[in-house]
Amino acid sequence: MHSSPQPVPAAPSGYCDSAPGHPLHGPYHDDEYGFPQLDEAVLFERLVLEINQAGLSWLTILRKREAFQQAYGGFEVDRVAAYGDADRDRLLGDAAIIRNRLKINAAIHNAQVIKDLRASHGGFAHWLDAHLTDGEHRRDKAGWVKLFRQTFRFTGPEITGEFLMSLGYLPGAHRSDCPVHARTVAAGAPWANELPCTPRSGSGS
């Protein structure tokens, strides 16, 4: 039996009003926010950035995004998964990123988890797609948070919810009257797909 897509709630933050035209928020809102992704490095980057945003503004993270990419080796999962004490010290001393030991340790641990997902599910994107449902029903935010807490580190409700919304696994990235909303649906945002979903093709590495 097919399940209809979830309703699209209004975006309470007003991001669809404030982001367009902004030099950093604009491109993210228009071309990334709410769009599905398959590339492992892109997914890992989004998770690391969302974790680092905790307690800070998203604008701060976007301003530091290039520095994060350099500090974390382009978010190559194998590379970050192999980080040791010297890399932790390097990251803790890098003023261009967020120097928080718990967040740094979470990034390294989560890279190791994502690496293991290749063997168990064929990659991070396929793991996400495999958990779209919880039994016969579409997984809700609470279900996703429970799953992420069991799988990753530093993934509480806000971080997990925003990560999944930003990739189209949960609705609400854009208001229904935002021009970008229709583009995310056309791109295959998982929240808008009928269930059961056919796994999307793509590389897990």
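Residues numbered from 1 in each chain as written. Predicted model: local features only at pLDDT ≥ 70, side-chain atom pairs only at ≥ 80, totals over all residues. Heavy atoms only, no water.

## Quick word on the side chain of Lys-103
Next, step 1: Relative to the helices and strands, Lys-103 is located in helix α8 (residues 101-121).
Next, step 2: Lacking a salt bridge, the buried Lys-103 has Glu-50 as its closest oppositely charged neighbour, with an N-O distance of 10 Å.
Next, step 3: In this structure the side chain of Lys-103 is engaged in a polar contact, spanning 3.1 Å, whose partner is the backbone oxygen of Asn-52. (Helix = DSSP H or I, 4+ residues; strand = E, 2+ residues; numbered from the N terminus. Buried < 20%, exposed > 50% of the residue type's maximum accessible area, 1.4 Å probe, protein only. Lys, Arg positive; Asp, Glu negative; His and termini not counted. Salt bridge = Lys/Arg side-chain N within 4 Å of Asp/Glu carboxyl O. Polar contact = N/O pair within 3.5 Å; in protein donor to acceptor, adjacent residues only side chain to side chain.)

## Quick word on the nonpolar core
Next, step 1: Ranked by internal contacts, the top residues of the largest apolar core, which has 49 residues, are Tyr-72, Phe-124, Leu-128, Trp-144 and Phe-152.
Next, step 2: For this core, the secondary structure elements donating two or more residues are α3 (40-53), α4 (58-63), α5 (65-71), α6 (77-81), α8, α9 (124-130), α10 (141-151) and α11 (157-166). (Core = buried A, V, L, I, M, F, W, Y, C linked by side-chain atoms within 4.5 Å.)

## Quick notes on the packing of α3 against α11
Next, step 1: Put simply, α3 and α11 touch, their axes get as near as 9 Å, and they point 140° apart. Like other packed secondary-structure pairs, α3 and α11 cross with a definite hand, here right-handed. Of α11, the residues touching α3 (which contributes Leu-43, Arg-46, Leu-47, Glu-50, Ile-51 and Gln-53) are Glu-158, Ile-159, Glu-162, Phe-163 and Ser-166.
Next, step 2: Here the residues of the contact of α3 with α11 sort into five nonpolar, two polar and four charged. (Axes fitted to C-alpha atoms, helices over the stretch in contact; angles between N-to-C directions. Left-handed = near helix turned anticlockwise from the far one by under 90°. Contact = heavy atoms within 4.5 Å. Nonpolar A, V, L, I, M, F, W, Y, C, P; charged D, E, K, R; others polar.)

## Details of unusual backbone geometry
Leaving glycine aside, a negative phi is the common case for residues, and trans is the common case for peptide bonds.
Next, step 1: If you check the backbone angles, Phe-75 has positive phi at about 60° while not being a glycine.
Next, step 2: Counting through the fold element by element, Phe-75 comes out in the loop between α5 and α6.
Next, step 3: Taking the relative accessible area as the measure of exposure, Phe-75 reaches 1% and is therefore buried.
Next, step 4: A positive phi angle, near 60°, is found at Phe-154, a position not held by glycine.
Next, step 5: Within the secondary structure, Phe-154 is located in the loop between α10 and α11.

## Considering the pattern of salt bridges
Next, step 1: What the rule picks out here adds up to ten salt bridges.
Next, step 2: Residue Asp-31 is joined to Arg-183 by a salt bridge in which the shortest nitrogen-to-oxygen separation is 3.5 Å. Linking Asp-31 in helix α2 (residues 25-31) with Arg-183 in helix α12 (residues 179-186), this pair joins segments that are 152 residues apart in sequence.
Next, step 3: On the accessibility criterion, Arg-183 (39% relative accessible area) is partly exposed.
Next, step 4: Glu-45 is the partner of Arg-65 in a salt bridge, and the nearest nitrogen-oxygen pair spans 2.9 Å. Of this pair, Arg-65 sits in helix α5 while Glu-45 sits in helix α3, and the two are 20 residues apart along the sequence. Just as Arg-65 is buried, Glu-45 falls in that class too.
Next, step 5: The structure contains a network of salt bridges with shared partners spanning Glu-32, Glu-45, Arg-46 and Arg-65.

## Some details on the packing of aromatic side chains
Next, step 1: The full count for this structure, using the stated rule, is 15 aromatic pairs.
Next, step 2: Both rings, one in Phe-68 and one in Tyr-72, keep their centres 6.2 Å apart while their planes meet at 15°; by these two values the pair is stacked.
Next, step 3: Ring-pair connections join several aromatic residues into one group, and the members of that group are Phe-124, Trp-127, Trp-144, Phe-148, Phe-152, Phe-163 and Tyr-169.
Next, step 4: Sitting over the face of the ring of Tyr-83, Arg-90 holds its NZ or CZ atom 5.3 Å from the ring centroid.
Next, step 5: Sitting over the ring of Trp-144, Arg-139 keeps its end group 5.6 Å from the ring centre. (Phe/Tyr/Trp six-rings, centres within 6.5 Å; stacked < 30°, edge-to-face > 60°. Lys NZ or Arg CZ within 6 Å of the ring centre and 35° of its normal.)

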